[in-house]
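For reference, the chains in residue letters:
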Amino acid sequence: MKNLLILPLAAVLLIFGCKAKQEEALVLKVLLIDGQNNHKVWPESTPVIKQILQNSGRFEVTVSRTPPGDGRKTNYNAAQPTVADMPENLQAKWFDWRPDFSQYDVVVSNYNGVLWPEEVCLDFVDFVQSGGGFVSIHAADNAFSQWEEYQKMIGVGGWYGRSTGKHGPKVVWENNQLALDHSEGKCGAHGARNPVLVENRNQNHPITKGLPDKWLHPTDEVYYNMCGPAQGITVLASAHSDANTKGSGKDHPILLTLDYGKGRIFHNMLGHGIEAYAGAGFQHLLMRGTEWAATGKVTFDTPPSSDFAADTAVTRTP
Ligand code: ZN
């Protein structure tokens, strides 16, 4: 008698369980922004980012490409130019670039260039504040040093005239926690490119929950001296910057999440070059982080442990 009662109940739970999962698996709309970057690889990295996301079956990715820059030499000591600094023919093109963020669940940035027109900046602030997701990849956190709300979204950034005096403290990972360094100085640095040992610092966050404690990521840059308002940062992973190869000799946060209004930000400092995107762990993080930014949840299964190793970087063609 007891078993007869339990069985139908188990069957009902199973049915509802499956149904709930199907409802969650709606395709999420991603707007991937590129068009300028001091990393000249961007025309190659954008299709790879798109491929990684779309291969998962969870995302539909639309690329929005800004007008190009005017070819001026990068000045890392000053904020990027504005549209007003561009020649007239390019200003006209910027006038036509008006992405409709409200049509998407999450915006992914592979962009570091001319400050967006004010109208676009305001739309973007409104989008994230009202619950939209944002994913910043590598040099996207170099962008927009003159845009205060953007600094709040990414928490910390580097280069382009950033300094602790103007932008806020630097972040380090010290004594097993996030620490702020208020010492005066310019922000943004990295040592030589090496394979990066990623250390998972958060087994509670949906993005990194269930991932190994550490794994080797392919050749990439470990950003350090990253500074900004640094408010409400949750550190997901850190990496050591090797003093023997022009690094800081310290550990630094490299994967962060933040909230901004009702929106969520996944800030991924990795991704300098194409080899980085081949990292199996990087691909899982991009998928999981983008889903979390879009919905606040991660519905992907825990990745197989064979996709991570501490002594060799596991890679896969996206
Ligand atoms: Zn780089």
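So, here's what we can say about the structure. Bear in mind the structure is a predicted one, so any value in this text is a computation, not a measurement. (Residues numbered from 1 in each chain as written. Predicted model: local features only at pLDDT ≥ 70, side-chain atom pairs only at ≥ 80, totals over all residues. Heavy atoms only, no water.)

One finds F101, W116, F124 and W147 to be the most contacted residues of the largest nonpolar core, which totals 44 residues. Breaking this core down by element, the ones donating at least two residues are β1 (28-34), α3 (88-96), α4 (118-129), α5 (148-154), β5 (170-174) and β12 (251-260). In this view, W116 contacts I33, T66, W94, W97, F101, Y111, C121, F124, F144 and W147; residues no more than four positions away in its chain are not counted. Judged by nonpolar contacts, the second largest core, of 38 residues, contains L32, I49, V106 and M287. (Core = buried A, V, L, I, M, F, W, Y, C linked by side-chain atoms within 4.5 Å. Buried < 20%, exposed > 50% of the residue type's maximum accessible area, 1.4 Å probe, protein only. Helix = DSSP H or I, 4+ residues; strand = E, 2+ residues; numbered from the N terminus. Contact = heavy atoms within 4.5 Å.)

In this section: the packing of helix α2 (residues 42-55) against helix α8 (residues 280-295). Contact geometry for α2 and α8: axes closest at 9 Å, N-to-C directions at 70°. One element, α2, and the other, α8, form an angle in the roughly perpendicular class. The residues of α8 that touch α2, namely those facing I49, I52 and L53, are Q283, L286, M287 and T290. Residue classes in the contact of α2 with α8 are distributed as 5 nonpolar, 2 polar and no charged. (Axes fitted to C-alpha atoms, helices over the stretch in contact; angles between N-to-C directions. Parallel < 35°, antiparallel > 145°, perpendicular 65-115°, else oblique. Nonpolar A, V, L, I, M, F, W, Y, C, P; charged D, E, K, R; others polar.)

H39 (NE2), H138 (NE2), E221 (OE) and H272 (ND1) make up the full set of protein donors to the zinc ion, lying at 2.0 to 2.1 Å. In this structure, the zinc ion is surrounded by 4 donor atoms whose angles at the metal cover 90 to 162°, and the resulting shape is irregular. For the zinc ion, the single-chain donor residues occur in sequence as H-x98-H-x82-E-x50-H. Residue E221 is located in the loop between β9 (214-220) and β10 (223-224), and its partner H272 is located in the loop between β13 (263-268) and α7 (274-277); the two are separated by 51 residues in the primary sequence. For the pair E221 and H272, one class covers both residues: buried. (Donors = N, O, S within 2.8 Å, 3.2 Å for Na, K, Ca; no water. Tetrahedral: all angles 85-135°; square planar, octahedral: opposite > 155°, others 65-115°.)

This next bit is on α4. In this model, α4 (12 residues) spans 16 Å end to end at C-alpha, consistent with the 16 Å of a helix rising 1.5 Å per residue. Every buried residue of α4 is listed here: V120, C121, F124, V125, F127 and V128. Looking straight down α4, one finds that the buried residues subtend no more than 160° of arc, so they occupy a single side. Among the exposed residues of α4, those oriented more than 90 degrees off its buried face are E118 and L122. Buried-residue contacts for α4 involve β3 (106-109), β4 (133-137), α5, β12 and β13. Positioned one or two residues after α4, G131 has a phi angle of 115°, which is positive. (Expected span 1.5 Å × (residues − 1). Arc of directions from axis to C-beta.)

Turning next to unusual backbone geometry. Backbone geometry places H138, a non-glycine residue, at a positive phi of 45°. Mapping H138 onto the fold places it in the loop between β4 and α5. For H138, a relative accessible area of 2% translates into the label buried.

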